[in-house]
Amino acid sequence: MSQMTETTAETTARQSGMQVSKTDVAIDVIGMHKWYGDFHVLRDINLRVMRGERIVIAGPSGSGKSTLIRCINRLEEHQEGQIIVNGTELTADLKRIDEVRREVGMVFQHFNLFPHLTILQNLTLAPIWVRGIPKADAEATAMHYLERVKIPEQANKFPGQLSGGQQQRVAIARSLCMQPRIMLFDEPTSALDPEMVKEVLEVMISLAEEGMTMICVTHEMGFARQVANRVIFMDQGQIVEQNDPENFFSNPQHERTKLFLSQILH
Amino acid sequence: MTTDTAYIRDEFVPERPAPGRAGGPIMWLRANLFATPSDAILTVLGVIFLLWAVPPIYNFIIGHAVFPGGTVEDCRAEGAGACWAYIYARFNFFIYGFYPIDQYWRPNIVFILGAALILPLLIPTAPFKRINAVLFFLVFPVFGFFLLSGGVFGLSYVPTEQWGGLLVTLIISLVGIICSIPLGILLALGRQSDLPVIKTLCVMFIELWRAMPLITVLFMASIMLPLFMPTGTNVDKLLRALVGVTLFASAYLAEVVRGGLQALPRGQYEAGASLGLSYWKRTYFIILPQAIKHVIPGIVNNFIALFKDTSLVSIVGIFDLLNTVQAASSDIEWASPTQAVTGYVFAAFMFWIFCFAMSRYSLWMERRLDTGHKR
């Protein structure tokens, strides 16, 4: 667990550019339930995310955190309740699903880069074939984002030739190339060597500073303290507690939250 | 060594080349053939086997063989080896079957054109891939068909019954291979579909065709099918065999491709989906290139089997390469003790050339497509 100390960068990040909209709802989850067969994985989830909000979801494994964010871009289907993303309600309608996915970037624990394509091709595939952007423009955008994640020199390599941290940064850049309005992170640093966690977190922090709406499932509590507006704690498929990071960490209310924090903060 | 627990490295160990391996032929023999007593025994046994097996084979194929220029009397002589003179004399029959002799230029053009179009397709760096592919997959079959069967543009009509030999073997196997690829892929995708109707249809198709021997398929196509068809309709025998072989091969291919699809981590599907790529774009750009790469050995294995299985069409009266060889072996003009054996050795060699080429090509392709993602 990499603990980040309070820095001046953090304070400035909180103050500048991280405006949360009061009226513009990015994601609205209302009374949502999900089952895997007979197993009730998500129970009565209510979550409203405003534009520009940065939310960290924490909780023990099997608590449904990943499933929740995977429902938001319909990698998983929910059975009850509503999920409305950027004003579009997710239903079985494939058109709506694609519409939502175009605007919602996702970063996976295991990167999921396309191993048979070069880094540049990984980044330009969706912009070219989903957005219909000309190849040259897509490549220019791709190089821009590769520079942002500080690995433009890797553009013509294959994913297998990169380190885990580099691959995850490429995965973030790949999502950004679609210019999404929301980014979902599913334990983005859990599969990384300890030395590589920081380089990925730095990219995520800079995204947050730009005001990207983000939901991150992560165990990086330092990251949560530094950039989150809200920390959500889940257990057994339910939202157990949510609060701003300061109060969440210093003054947890629910017994389960206290236990969890005592286990991971040492 | 002291038992100090603290240690700090004060010099960096520079990289140096690996120690050289001991050279020389003697060392090589020691290391590879006589490393242990049991190795030595196996080596000796192996040499004895080769000494026993190689000379007779050599004598039959080369040493005592009768080469072109020899006569049938030479072949009938006591102790004569393979009768290559006979193969040479009947070579055209093995290549063209009963195709009219004065029309051989037509299959020759098809052979040359086919080779000229397929070779650049197989070489990844050759230019004009798109035009090349259109010419080979769309224009060439139509052109080739009309050139071979004639009846148009003043060409004399040659019914498919007269086509034969290597020509027919190549036609059946190429059509079977090329048509079964898209069919097999669609069947494999269909079998994984979420839509129950499509899934059931694909499963039924695959299981039905896989459960029948190819011989049965060919028999049904050529003998039973006409019984069910309204009188007067006549579907060409070669065409029926082509359809049978293609559908048969596609069912097998579908299962191989399905193996590749299942080997892909779920994350690949999800990453494609989360970028907003539609099902077909996901499948085309992300899933299939990886899935097929995984199963190239299995696919080529199928193609090699298919190529050899084409010889089964002989049972429905089509004169493929093997059937022409078999037919010629009763040729009294060249009757000799080694006539039949020579024919089969020749046929085996012809099949081997094509199968070996396919095998080597697939190995080369596998290495080429390896982007080192197996970490």
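Details of the structure are given in the entry above.
Residues numbered from 1 in each chain as written. Chains lettered and ligands numbered in written order. Predicted model: local features only at pLDDT ≥ 70, side-chain atom pairs only at ≥ 80, totals over all residues. Heavy atoms only, no water.

1. Remarks on helix H6 (residues 164–176) of chain A
Taking 1.5 Å of rise per residue, 13 residues should cover 18 Å, and H6 of chain A covers 18 Å from first to last C-alpha, within 8% of that figure. Along H6 of chain A, 13 of the 13 residues are buried, which leaves the element largely enclosed by surrounding structure. (Helix = DSSP H or I, 4+ residues; strand = E, 2+ residues; numbered from the N terminus. Expected span 1.5 Å × (residues − 1). Buried < 20%, exposed > 50% of the residue type's maximum accessible area, 1.4 Å probe, protein only.)

2. Considering the packing of helix H8 (residues 165–191) of chain B against helix H9 (residues 196–210) of chain B
Residue and element names in this part refer to chain B. At a closest axis distance of 7 Å, the pairing of H8 and H9 adopts a crossing angle of 130°. In terms of axis orientation, H8 runs oblique to H9. Between H8 and H9 lies a crossing of left-handed hand. For the pair H8 and H9, the contacting residues are Leu 187, Gly 190 and Arg 191 in the first and Ile 198, Lys 199, Cys 202, Val 203, Phe 205, Ile 206 and Glu 207 in the second. (Axes fitted to C-alpha atoms, helices over the stretch in contact; angles between N-to-C directions. Parallel < 35°, antiparallel > 145°, perpendicular 65-115°, else oblique. Left-handed = near helix turned anticlockwise from the far one by under 90°. Contact = heavy atoms within 4.5 Å.)

3. Comments concerning the pairing of strand S2 (residues 39–50) of chain A
Residue and element names in this part refer to chain A. Where strand S1 (residues 25–36) meets S2, 8 bridges bridge the pair, whose relative direction is antiparallel. Within S2, the residue paired with Tyr 36 across the bridge is Phe 39. In this structure, the hairpin formed by S1 and S2 is closed by a connection of 2 residues, where Gly 37 is found at a positive phi of approximately 60°. (Pairing = 2+ DSSP bridges.)

4. Observations concerning the environment of Lys 65 of chain A
All names here are of chain A. Looking at the secondary structure, you find Lys 65 in helix H2 (residues 65–72). Between the C-alpha atoms of Lys 65 and Gln 154, which are 89 residues apart in sequence, the distance is 33 Å. Discounting chain neighbours no more than four positions away, the residues touching Lys 65 are Ile 57, Ala 58, Gly 59, Pro 60, Glu 187, Val 217, His 219 and Met 234.

5. Description of empty space enclosed by the protein
Residues and elements named next belong to chain B. This model, assessed by the stated rule, comprises 2 cavities of 30 Å³ or more. Its boundaries defined by the atoms lining it, the largest cavity holds a volume of some 60 Å³. Around the largest cavity sit Thr 160, Glu 161, Trp 163, Lys 237, Leu 238, Gly 317, Ile 318 and Phe 319, which together line it. Its residues placed into classes, the lining of the largest cavity shows 4 nonpolar, 2 polar and 2 charged. Of the volumes computed, that of the second largest cavity is approximately 30 Å³. Every residue along the wall of the second largest cavity is listed here: Leu 218, Ala 221, Ser 222, Lys 237, Arg 240, Ala 241 and Val 316. For the lining of the second largest cavity, the secondary structure elements donating two or more residues are helix H10 (214–228) and helix H11 (237–263). (1 Å grid on protein atoms, 1.4 Å probe; cavity = no way out; pocket = protein on both sides within 12 Å on 5 of 7 lines; lining within 4 Å. Points joined across faces, edges and corners; volume = space filled by probe spheres on them. Nonpolar A, V, L, I, M, F, W, Y, C, P; charged D, E, K, R; others polar.)

6. A look at the sheet that holds strand S10 (residues 238–243) of chain A
Strand pairing in a sheet relies on backbone hydrogen bonds. The paired strands run either parallel or antiparallel. Residues and elements named next belong to chain A. Here we have 6 strands laid out as an open sheet, ordered S6-S7-S8-S3-S9-S10, and mixed in their pairing. Pairing within the sheet leaves two strands with one partner each, and these edge strands are strand S6 (104–107) and S10. Averaged over all pairs of adjacent strands, the angle between strand axes in this sheet comes to 20°, irrespective of strand direction. For S6 and strand S7 (residues 182–186), the ladder comprises 4 bridges, and the chain directions are parallel. Each bridged residue has a counterpart across the sheet, and for Met 106 the counterpart in S7 is Leu 184. Helix H3 (residues 94–103) contacts S6 and S7 of the sheet and is inclined by roughly 70° relative to S6. Most of the contacts of helix H10 (residues 255–264) go to strand S9 (residues 230–235), to which it runs at about 100°, and overall it touches strand S3 (54–58), S9 and S10.

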